[in-house]
Amino acid sequence: MKECVLVTGGAGYIGSHTAVELVEAGMDVVLADNLTNSDMQAVEGVRRITGREVPFERVDCCDRAALGGVFARHRFGSVIHFAASKAVGESVCEPMKYYRNNLLSLMNVVDLMREHGRRNIVFSSSCTVYGEPDSLPVTERAPRKPATSPYGNTKQISEDILRDAIAAYGDLRGIALRYFNPIGAHPSALIGELPRGVPQNLVPYVTQTAAGVRECLSVFGDDYPTPDGSNIRDYIDVVDLARAHVVAIRRMIEGRNKADYEIFNIGTGRGVSVLELVRRFEQANNLKINHKIAPRRAGDIVAIWADPTLANTELGWRAERSLDETLRATWAWERHLRGI
């Protein structure tokens, strides 16, 4: 029997790309999503790319009874848990939404995994758990700092929930993947980032500005202690990120994990500033982006990028796509959306 994986938040940006990579790696997939910050367009995109009628369940992971129905109806052995609210700025304004959604959804998943005998879970974590790091690049041994946003705090607490549940019960195995900054789109241009309303992340705002949907891109601060004054991040292609989940699931299925709970950084190991990213997007796509400098944004840190050595050596995973390839794919996705 093929391995089957439940992907919560499966109609979302990273979830949909991961679903494609799982199918292409020979696995079956069940997608679950409440569609509050996602769209059936992504599910249809997954089906078109894979040529498979991938099953989809519209369910809120905070609704334990409804999610329990998904566990009862499908014979998956592993879970990849993406379902969470994810915007740093929004979390500062709406902290209770983030605590309620992000923590309860994970607790329900863990409870139901134990109840139904499903052992392996990959958790969608974030480099925000490191806060403002003491040194760069960041390794998995770096201390977790006090979170600079409620979003970041939910990721720290979620990691603790997963670690403690695995240590206490002995019937679960888990891997937390600490993402850096996912960007890009599938090379087919059939799936990509699809924000509701005004984008909370940089690259969708860049592409929407290029497409004329937004008048001007705001760069939040040019007075940080960085070479050009703008924040520095580690931008990883979403397809590369998706492949990391496939590798993590296989590691647990094949029993190659060295502990029941493991943590890996998933990034490129290269820091790129906001202003540099804008310039690289312009060069890669032969465009000009109207942008201005705006005040700093609450919750943002100065700079962070990964040391991905552990993922490279232990998981056998590494980022492969170049930044220019990623930015061209992002613009192809935006053109597809707008019919340009």
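**Quick notes on the nonpolar core**
Then step 1. Counting residues in hydrophobic clusters, the biggest one holds 41 residues, and the most contacted among them are Leu22, Val29, Leu31, Leu177, Ile266 and Leu315.
Then step 2. Elements represented by at least two residues in this core include exactly β1 (4-8), α1 (13-24), β2 (28-33), α2 (40-50), β6 (173-179), α8 (238-253), β11 (261-266) and α10 (309-315).
Then step 3. Broken down by element, the residue count for this core peaks at nine residues, all from α8.
Then step 4. Beyond its immediate sequence surroundings of up to four residues, Val29 is in contact with Cys4, Val5, Val7, Ala19, Leu22, Val23, Val54 and Pro55.
Then step 5. Listed in part, the 25 residues of the second largest apolar core include Ala32, Ile121, Ala176 and Tyr261.

**Examining the sheet that holds strand β4 (residues 78-81)**
Then step 1. Within the open sheet, the seven strands sit side by side as β3-β2-β1-β4-β5-β6-β11. Their pairing is parallel. In this open sheet, the two edge strands, each paired with only one partner strand, are β3 (56-58) and β11. In this sheet, adjacent strand axes meet at a mean angle of 20° when their direction is disregarded.
Then step 2. Judged from the seven bridges that link them, strand β5 (residues 120-126) and β6 form a sheet pairing that is parallel. The partner of Phe123 across the bridge, within β6, is Ala176.

**Structural notes on the side chain of Asp234**
Then step 1. Mapping Asp234 onto the fold places it in the loop between β9 (232-233) and β10 (235-237).
Then step 2. Among the polar contacts made by the side chain of Asp234, one reaches the main-chain amide nitrogen of Ala306 at a distance of 3.0 Å.
Then step 3. Residues contacting Asp234, with those up to four places away along its chain left out, are Phe180, Asn181, Gly267, Thr268, Gly269, Arg270, Ile304, Trp305 and Ala306.

**Focus on helix α11 (residues 323-338)**
Then step 1. For α11, with 16 residues, the first-to-last C-alpha span of 23 Å sits near the 22 Å given by 1.5 Å per residue.
Then step 2. What α11 keeps buried is the set Leu323, Thr326, Leu327, Ala329, Thr330, Trp331, Trp333 and Glu334.
Then step 3. Where the residues of α11 are buried, they touch α2, β7 (181-183), α7 (202-210), β10, β12 (272-273) and α9 (274-285).
Then step 4. Within two residues after α11, Gly339 carries a phi angle of roughly 70°, on the positive side.

**So, the packing of α7 against α9**
Then step 1. Where α7 contacts α9, the two axes come as close as 11 Å, and the packing angle between them is 40°. One finds that α7 runs oblique with respect to α9. The interaxial crossing formed by α7 with α9 has right-handed handedness. The residues of α9 that touch α7, namely those facing Leu202, Val203, Val206, Thr207 and Ala210, are Val274, Leu277, Val278 and Phe281.
Then step 2. Split by residue class, the contact of α7 with α9 holds eight nonpolar, one polar and no charged.

**Re the pattern of salt bridges**
Then step 1. Counted according to the given criterion, the structure contains 27 salt bridges.
Then step 2. A salt bridge links Arg144 to Asp160, with the nearest nitrogen and oxygen atoms 2.9 Å apart. With Arg144 in the loop between β5 and α6 (150-169) and Asp160 in helix α6, this residue pair connects regions lying 16 residues apart in the sequence.
Then step 3. Here Asp300 makes a salt bridge to Arg297, at a shortest N to O gap of 3.0 Å.

What counts and how
Going along each chain's sequence as written, the residues are numbered from 1 onward. Owing to the predicted nature of the model, reporting of local features is limited to residues with pLDDT of at least 70; listing and counting of side-chain atom pairs is limited to 80 or more, with chain, interface and lining totals taken over all residues. Based on all heavy atoms of the structure, the side-chain values leave hydrogens and waters out of the count. Side-chain atoms within 4.5 Å link the members of a nonpolar core, which is a set of buried Ala, Val, Leu, Ile, Met, Phe, Trp, Tyr and Cys residues. Classification of residues uses two cut-offs on accessible area relative to the type maximum, computed with a 1.4 Å probe and protein chains only: under 20% is buried, over 50% is exposed, and between them is partly exposed. Put simply, DSSP marks the helices as runs of H or I at least four residues long and the strands as runs of E at least two long, and each gets a number from the N terminus on. Between two residues, a contact is recorded if the distance between any of their heavy atoms is within 4.5 Å. Two strands form a pair only when DSSP identifies at least two bridges running between them. In this analysis, axes come from line fits to C-alpha atoms, helices being fitted only over the stretch in contact, and the angle between any two N-to-C directions falls in the range 0 to 180 degrees. By the criterion applied in these results, polar contacts are pairs of N or O atoms within 3.5 Å in which, for protein atoms, one can donate a hydrogen and the other can accept it, and in which residues neighboring in sequence qualify only through two side-chain atoms. The span one expects for a helix is its residue count, reduced by one, times 1.5 Å. Convention used here: angles under 35 degrees read as roughly parallel, angles over 145 as roughly antiparallel, angles from 65 to 115 as roughly perpendicular, and any remaining angle as oblique. Each crossing is labelled by how the near helix is turned from the far one, with a counterclockwise turn of less than a right angle marking it left-handed and a clockwise turn marking it right-handed. Three residue categories are used. Nonpolar comprises Ala, Val, Leu, Ile, Met, Phe, Trp, Tyr, Cys and Pro, charged comprises Asp, Glu, Lys and Arg, and polar comprises the others, including Gly. Any Lys or Arg side-chain nitrogen located within 4 Å of an Asp or Glu carboxyl oxygen qualifies as a salt bridge.

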